[in-house]
Amino acid sequence: MSFQVLRYLLFVIIWRLIFPSTEYWQQAEPGTFRAALWYYLLQVDIRVLRPGLLSQTKGSPAYTFLLRLLGMDVGLFTYIDDNVLGDYTYLSVGRFSVLYDSEAWGHTYSGGLLHSRQTSIGEFVTVASTAYVTANVLIDDNTTLRPGTYPFPGETLGPNGEYEGNPARKVV
């Protein structure tokens, strides 16, 4: 296992040394490199550390610890279940938050371009199953997203409320 981890880290170092110097990354929108880096890191995690170190630890305290090592801002005592988390460096999750079987992304595609934006989930937030948190969304503290909730990009969900629907609307 330790040899595979060393291969993984070596790949990351080489990848970061090679790609920033290419013409594509110089012309790309700021943040595109980081989003692509995390995509390839996840591919290495799945293919080298079969079935994937991250997938083996989902739902445990080790998962949030690994996310912190990968650069994601995850608060203490946060529970993250079997989620789809895209672009770890653009996601932040506050303390005592719970993310069930949901999705949280730090990028969107429009006009054929990848746009990376910060997505912030506050403290004491519950994101229920099948909720979809898009890029550039701010969820304030003590907020609950009911199943199937879809806040639009650029939306701010206020504190102390429950939201549901597409687009997300406050119900309580």
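The rules behind the values
Note on numbering: residues in each chain are counted from 1, in written sequence order. Only residues with pLDDT of at least 70 are given local features in this predicted model, and only at 80 or more are side-chain atom pairs given and counted; all residues enter the totals for whole chains, interfaces and linings. Side-chain figures throughout are based on the complete set of non-hydrogen atoms in the structure, without hydrogens or water. Two strands are counted as paired when DSSP detects at least two bridges linking them. By definition, any uninterrupted DSSP run of H or I lasting at least four residues is a helix, any uninterrupted run of E lasting at least two residues is a strand, and each is numbered from the N terminus. Categorising residues by exposure relies on relative accessible area from a 1.4 Å probe, with only protein chains included: less than 20% of the type maximum marks a residue as buried, more than 50% marks it as exposed, and the intermediate range marks it as partly exposed. Only heavy atoms enter the contact rule, under which two residues are in contact if any of them lie within 4.5 Å. Definition of nonpolar core: a set of buried residues of the types Ala, Val, Leu, Ile, Met, Phe, Trp, Tyr and Cys, connected through side-chain atoms within 4.5 Å. For salt bridges, the criterion is a side-chain nitrogen of Lys or Arg within 4 Å of an Asp or Glu carboxyl oxygen.

J.: Before we move on, could you go through the sheet that holds strand E10 (residues 126-127) and cite the residues and values that matter?
T.: Reading across from one edge, E2-E5-E10-E13-E15-E16 is the order of the six strands in this open sheet, with mixed pairing throughout. Of all strands in the sheet, those with a lone pairing partner are strand E2 (79-80) and strand E16 (169-170), marking the two edges.

J.: Give a detailed account of the side chain of Thr119, specifying residues and quantitative values.
T.: With respect to the helices, strands and loops of the structure, Thr119 is situated in strand E9 (residues 119-121). Judged by its relative accessible area of 0%, Thr119 is buried. Dropping the residues within four chain positions of it, Thr119 is found in contact with Tyr90, Leu91, Ser92, Trp105, Gly106, Val133, Thr134, Ala135, Asn136 and Val137.

J.: Explain the nonpolar core residue by residue, including any values.
T.: In this structure, Leu67, Met72, Leu85 and Ile139 are the most contacted members of the largest nonpolar core, which totals 23 residues. For this core, the secondary structure elements donating two or more residues are helix H5 (61-69) and strand E4 (91-93). The contact partners of Leu85, leaving out residues within four places of it in the chain, are Tyr63, Leu67, Met72, Ile80, Leu91, Leu99 and Ala104.

J.: Let's hear about the sheet that holds strand E11 (residues 132-133): which residues, and what values?
T.: Spatial ordering of the open sheet is given by E3-E6-E11, a layout of three strands whose pairing is parallel. In this open sheet, the two strands that pair with only one neighbour each are strand E3 (84-85) and E11. Pairing between E3 and strand E6 (residues 103-104): two bridges, direction parallel. Bridge pairing in E6 links Val84 to Glu103.

J.: Could you give an account of the pairing of strand E7 (residues 107-110), with specific residues and numbers?
T.: In terms of strand pairing, E7 meets strand E8 (residues 113-116) through four bridges, oriented antiparallel. The partner of Tyr109 across the bridge, within E8, is Leu114. Between the end of E7 and the start of E8, which pair antiparallel, lie two residues, with Gly111 showing a positive phi angle near 65°.

J.: I'd love a proper account of the pattern of salt bridges, names of residues and values included.
T.: A complete count under the given rule lists three salt bridges for this structure. A salt bridge links Arg95 to Glu123; its shortest N-O distance comes to 3.1 Å. Of this pair, Arg95 sits in the loop between E4 and strand E5 (98-99) while Glu123 sits in the loop between E9 and E10, and the two are 28 residues apart along the sequence. Glu123 gets classed as partly exposed once you look at its relative accessible area, which sits at 25%. For Arg146, the salt bridge goes to Glu162, with nearest N and O atoms at 2.8 Å. Highlighted residues: Arg146 in the loop between strand E13 (143-145) and strand E14 (156-157) and Glu162 in strand E15 (residues 161-164), separated in sequence by 16 residues. With a relative accessible area of 26%, Arg146 lands in the partly exposed category. Connected through shared salt-bridge partners, Arg146, Glu162 and Glu164 make up one network.

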